[in-house]
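Structural description and commentary
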Amino acid sequence: MKKILGIAGIFLVIVIATSILSPNFLTAYNIENLLRRTSLFGILSIGVGFVILTAGIDLSIGGVVCLSGILTPYLLNQMGWSATETVAFILLMSVAIGVMQGGLVAYGRIQSFLVTLCGLLIFRGLARGVTMDQTQGFQGKFSELRWIGNGRISIPGVEGFALPAPVLSLIVIAILSMIFLNCTVWGRWMKAVGRSPSAARYSGIPVARLQILAYTICSLLAGFGGLLFVCDVGSAQPSDFGNFYELYAIAAAVLGGYRLSGGEGSVVGVVIGAAVMQVLRNAIVLISWLPDTAEFAVIGLVILIGVLADEFLRRYAANRARTQAKGT
């Protein structure tokens with residue numbers, strides 16, 4: 001709870017500062033755009049949170065976003081698939097990717113960093129190879145499918161502002177994730193795996209299955225996120241679509257209270273963390289004296305601060321536990 005309140009406080013400070021420095025920040029158009037981007041990246045961040053909870057990392061998110069986002073219009077226009085067939089294939093493909101990567105980590109005992117780094121390269125390479133590195137778009141068709149990414153829901157009594165459709169997806173995914181993590185045995189087991197895999201294994205917890213499940217959920221949400229992203233923008237280029245999205249997701253999860261050492265995290269915190277990242281990006285664009293090229297420097301700094309804070313809290317908790325043990 002303290003971490004959630006802390007990141008919420010940071011979010012409010014950034015919002016107030018940006019609104020003072022830029023008159024365009026609190027416009028209806030900008031707020032609507034922020035909600036849309038926060039929702040899209042929030043979905044990715046919730047996914048990577050499951051992996052971090054088990055003391056792993058997933059660097060393949062951007063590659064999965066690219067592959068699913070590029071294949072969506074490609075299958076619809078080039079292959080003549082229906083919207084239902086395309087969405088089903090994208091989601092099943094994402095699940096298969098998660099199972100494969102999770103299996104290599106859980107049963108192959110290969111470091112998650114290496115497995116998912118290879119995945120990042122492989123999936124982007126597949127997207128570029130299948131499409132011959134050509135931009136893929138909806139060509140003005142499939143508006144019903146695109147609504148899930150670029151749709152707007154009018155709010156009665158509020159003119160000039162509408163709720164972006166991706167917000168609904170984020171709310172549903174966040175609620176389901178909170179129920180799973182806080183109200184089910186599997187959720188409690190997943191936290192136990194992150195705290196101590198060996199202790200969890202001796203307790204009879206199916207560690208390997210839970211690790212595979214975590215990577216599967218992460219990949220599924222990345223694939224769904226790629227679908228939403230391409231539906232939002234309308235077209236995508238394989239060489240850069242989804243670039244560095246995994247960094248935004250990891251940064252949001254770390255800011256939101258997920259410990260990189262595993263075993264602890266909050267879905268609400270992740271959503272707030274995703275909002276912080278998007279407000280920071282927005283501030284860099286809107287504030288004239290901030291160079292646009294500083295975006296990745298800010299992301300790197302945020303991740304570094306999160307890692308340092310996580311390590312400090314871990315050492316503090318360990319020292320406090322030792323002190324209490326000596327006192328008894």
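Data block above holds the structure.
In every chain, residue numbers begin from 1 and rise along the written sequence. This being a predicted model, a pLDDT of at least 70 is required before a residue's local features are given, and a value of 80 or more before pairs of side-chain atoms are given or counted; all residues contribute to the totals for chains, interfaces and linings. Excluded from the side-chain calculations are hydrogens and water; all other atoms, namely the structure's heavy atoms, are used.

1. Considering the overall build of the protein
The line we're drawing: Helix numbers and strand numbers start at the N terminus; a helix is a DSSP run of H or I with at least 4 residues, a strand a run of E with at least 2. As a reference, a globule follows 2.2 Å times the number of residues to the power 0.38, and the radius of gyration itself is taken over C-alpha atoms. Here, residues are in contact when the closest pair of their heavy atoms is within 4.5 Å. Throughout, the Shrake-Rupley method with a 1.4 Å probe supplies accessible areas, and for residues the shown protein chains are the sole cover considered. All tallies of charge rest on Lys and Arg as positive and Asp and Glu as negative; His and the ends of each chain are not included. Throughout, a charge is located at the NZ atom of Lys, the CZ atom of Arg, the CG atom of Asp or the CD atom of Glu.
On a plain count of helices and strands, the protein comes out with 13 helices and four strands. Its C-alpha atoms give the protein a radius of gyration of 20 Å, near enough to 20 Å, the size a compact globule of 328 residues would have. For the protein, long-range pairs separated by at least 24 residues make up 75% of all intrachain contacts whose partners lie at least 6 apart in sequence. Accessible area of the protein: about 15500 Å², with a carbon and sulfur share of 67%. One finds the centroid of the 22 positive side-chain charges in the protein at a distance of 15 Å from the centroid of its 14 negative side-chain charges.

2. Re helix α3 (residues 61–78)
Worth spelling out the cut-off: Working rule for helices: expected span equals 1.5 Å times residues minus one. Using a 1.4 Å probe on the protein chains alone, a residue whose accessible area is under 20% of its type maximum counts as buried, one over 50% counts as exposed, and one in between counts as partly exposed.
The end-to-end C-alpha separation of α3 is 25 Å, in line with the 26 Å expected for 18 residues at 1.5 Å each. Of all 18 residues that make up α3, 17 are buried, and the element is covered over most of its length.

3. A look at the pattern of salt bridges
Definition in use: Put simply, a salt bridge is a Lys or Arg side-chain nitrogen that is within 4 Å of an Asp or Glu carboxyl oxygen.
One pass over the full model with this rule turns up six salt bridges. Across the pair Glu 32 and Arg 152 runs a salt bridge whose closest N-O atoms are separated by 2.5 Å. Taken as a pair, Glu 32 in helix α2 (residues 28–53) and Arg 152 in strand β2 (residues 152–154) lie far apart in primary sequence, 120 residues in all. The class of Glu 32 is buried, set by a relative accessible area of 10%. Several salt bridges converge on common partners, so that one network encompasses Glu 32, Arg 36, Arg 37, Arg 152 and Asp 232.

4. So, the packing of helix α7 (residues 166–183) against helix α8 (residues 185–195)
Geometrically, a packed helix pair is captured by the angle between its two axes and the distance between the axes. The following threshold applies: Between N-to-C directions, angles span 0 to 180 degrees; the directions come from axes that are lines fitted to C-alpha atoms, helices contributing only their stretch in contact. Angles below 35 degrees are treated as roughly parallel, those above 145 as roughly antiparallel, those between 65 and 115 as roughly perpendicular, and all remaining angles as oblique. Gly is placed with the polar residues, together with every amino acid not listed as nonpolar (Ala, Val, Leu, Ile, Met, Phe, Trp, Tyr, Cys and Pro) or charged (Asp, Glu, Lys and Arg).
Relative orientation of the contacting elements α7 and α8 amounts to 75 degrees, with a least axis distance of 5 Å. Regarding the angle of α7 to α8, the classification is roughly perpendicular. Residue-level inspection shows Phe 180, Leu 181, Asn 182 and Cys 183 of α7 in contact with α8, the latter providing Val 185, Trp 186, Gly 187, Arg 188, Met 190 and Lys 191. For the contact of α7 with α8, the residue count by class is six nonpolar, two polar and two charged.

5. Thoughts on the nonpolar core
The condition is simple: Take the buried Ala, Val, Leu, Ile, Met, Phe, Trp, Tyr and Cys residues and link them wherever side-chain atoms come within 4.5 Å; each set so joined is a nonpolar core.
Formed by 82 residues in total, the largest nonpolar core has its most connected members in Leu 44 and Ile 46. Those residues in contact with Leu 44, other than ones at most four positions away along the chain, are Ile 61, Val 65, Leu 221, Ala 222, Gly 225, Phe 229, Tyr 245 and Ala 249.

6. Details of the side chain of Asn 282
As a reminder of what qualifies: Whenever a nitrogen or oxygen atom comes within 3.5 Å of another N or O atom, the pair is scored as a polar contact, on the condition that within protein one atom can donate a hydrogen and the other can accept it, and that pairs from neighbouring residues in sequence are kept only if both atoms are in side chains.
Tracing the backbone shows Asn 282 in helix α12 (residues 267–286). Engagement of the side chain of Asn 282 in a polar contact is seen with the side chain of Asn 30, the distance being 2.8 Å. The residues contacting Asn 282, other than those within four sequence positions of it, are Phe 25, Asn 30 and Leu 34.

7. Section: helix α4 (residues 83–106)
Taking 1.5 Å of rise per residue, 24 residues should cover 34 Å, and α4 covers 34 Å from first to last C-alpha, within 8% of that figure. Thr 86, Ile 90, Met 93, Ser 94, Ile 97, Gly 98, Gln 101, Gly 102, Gly 103, Val 105 and Ala 106 are the residues of α4 that are buried. Elements in contact with the buried residues of α4: α3, α5 (112–130) and α10 (207–233).

8. Observations regarding the packing of aromatic side chains
Selection criterion: In this analysis, rings of Phe, Tyr and Trp, with Trp reduced to its six-membered ring, are considered paired at centre separations within 6.5 Å, and the interplanar angle assigns stacked below 30 degrees, edge-to-face beyond 60, and tilted for intermediate values.
For the structure on display, the rule yields seven aromatic pairs. A ring pair is formed by Phe 41 and Tyr 245, whose centres lie 4.9 Å apart and whose planes are at 65 degrees; its orientation type is edge-to-face. In this pair, Phe 41 sits in helix α2 while Tyr 245 sits in helix α11 (residues 245–255), placing the two residues 204 residues apart along the sequence. Owing to a relative accessible area of 13%, Tyr 245 belongs among the buried residues under this scheme. Centre to centre, the rings of Phe 50 and Phe 180 are 6.0 Å apart; their planes meet at 50 degrees, and the pair counts as tilted. Of this pair, Phe 50 sits in helix α2 while Phe 180 sits in helix α7, and the two are 130 residues apart along the sequence. One exposure class covers both Phe 50 and Phe 180, and it is buried.

9. Overview of unusual backbone geometry
At Ala 55, a position not held by glycine, the phi torsion is positive, near 70 degrees. With respect to the helices and strands, Ala 55 occurs in the loop between α2 and α3. The backbone phi angle of Arg 109 is positive, close to 55 degrees, even though this residue is not glycine. Positionally, Arg 109 belongs in the loop between α4 and α5. Accessibility expressed as a relative area gives 64% for Arg 109, which makes it exposed.

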